[in-house]
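Take a look at the letters that make up each chain.
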Amino acid sequence: MSEGRLAGQGAIVTGGASGIGEAIARRFQREGARVLIADIDVERGKRVAGELEGSEFLETDVSQPAAARAMVEAARERFGRLDVLVNNAFGASARRVHKLDPERWRRTLAVTLDAVFYGMNAALSGFLEQGRGAIVNTASISGLGGDDGMAAYNAAKAGVINLTRATALEVAGKGIRVNCVCPGLIATPAVQTAFLGAAGRREAIGRQIPMGRLGEPHEIANVVLFLASDEASYVTGAAYVADGGSSIGSGVPSLIG
């Protein structure tokens, strides 16, 4: 595509084989980008890439520094350029701290936080050389507060938010913007499998959100597109919340009958 907000650009989306990452990849492609989908899910990743003209798939374990470097090199080699990096892949362990195995803790941080560092570390030298680039990291409102039984995920996503800010500060005057999006509960396949299987469960949870429903992956993709595009040219170090109002209350119960 020669038109669109990302026309002619090369982009990487980690965790792009499903859920929010897939929605981002599809949105970017519709806006003219060529997208490298980096994921460990080969079957789904190849399927999504095959449906998006000009896009490709690379099997990638983002928790490994060498894989992150290979991912960035592959995008530049295949597309001739890299303009946007979206660090979206994550892992989660639903365990309370006293029952959380150290290996689960370490794996959650490796995929959810370490991988964000590895991706930015690999991409930034090229961005600095070309004097431009946009990075969008998928954080979460779970990085802004605590959740019962999600300590490892909370810690990792909080780290993503402050890593985003610190990196943005380092490169703010060099043509590179670094932001993150903080989704609330989004109706992805992973969330459906883990939390919404029982009949009526999705509706019951949705009623607890001020807007009365879960978010959809494309709604987060729209925010990421804005942050990646020139429309956000004066935005860096931001943590954009998209949660249907889940985090806006003070926590005090309603006192009005």
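For the structure itself, consult the block above.
Residues numbered from 1 in each chain as written. Predicted model: local features only at pLDDT ≥ 70, side-chain atom pairs only at ≥ 80, totals over all residues. Heavy atoms only, no water.

**A word on the nonpolar core**
Inference 1: One finds Ile 12, Leu 36 and Met 71 to be the most contacted residues of the largest nonpolar core, which totals 35 residues.
Inference 2: Counting residues per element, the ones that place at least two in this core are strand S2 (34-39), helix H3 (65-79), helix H4 (102-130), helix H5 (151-171) and strand S6 (176-183).
Inference 3: Per-element accounting of this core gives the leading share, nine residues, to H4.
Inference 4: When neighbours within four sequence positions are excluded, Ile 12 is seen to be in contact with Leu 36, Met 71, Val 72, Ala 75, Leu 82, Val 84, Leu 85 and Val 86.
Inference 5: Judged by nonpolar contacts, the second largest core, of 31 residues, contains Phe 28, Val 136, Val 223 and Val 224. (Core = buried A, V, L, I, M, F, W, Y, C linked by side-chain atoms within 4.5 Å. Buried < 20%, exposed > 50% of the residue type's maximum accessible area, 1.4 Å probe, protein only. Helix = DSSP H or I, 4+ residues; strand = E, 2+ residues; numbered from the N terminus. Contact = heavy atoms within 4.5 Å.)

**Observations regarding the environment of Val 111**
Inference 1: Mapped onto the secondary structure, Val 111 falls in helix H4.
Inference 2: Remark: the alpha-carbon pair of Val 111 and Asp 101, spanning ten residues in sequence, is separated by 16 Å.
Inference 3: For Val 111, the residues in contact, after removing those within four places along its chain, are Val 62, Ser 63, Ala 89, Phe 90 and Gly 91.

**Let's talk about the sheet that holds strand S1 (residues 10-14)**
Inference 1: On the basis of which strands lie adjacent, the open sheet formed by seven strands has the order S3-S2-S1-S4-S5-S6-S7 and parallel pairing. Only two strands of the sheet have a single neighbouring strand rather than two, namely strand S3 (56-59) and strand S7 (239-242). Taken pair by pair, the neighbouring strands of this sheet meet at an average axis angle of 20°, ignoring direction.
Inference 2: Two strands pair when backbone bridges link them, and S2 and S3 are joined in this way by four bridges, in the parallel orientation. Counterpart to Asp 39 in the pairing with S3 is Glu 59.
Inference 3: Taken strand by strand, helix H1 (residues 19-30) contacts S1, S2, strand S4 (84-87) and S6, and its axis lies near 170° from that of S1.
Inference 4: Each of S1, S2, S3 and S4 touches H3; the most contacted strand, S2, lies at about 155° to it. (Pairing = 2+ DSSP bridges. Axes fitted to C-alpha atoms, helices over the stretch in contact; angles between N-to-C directions.)

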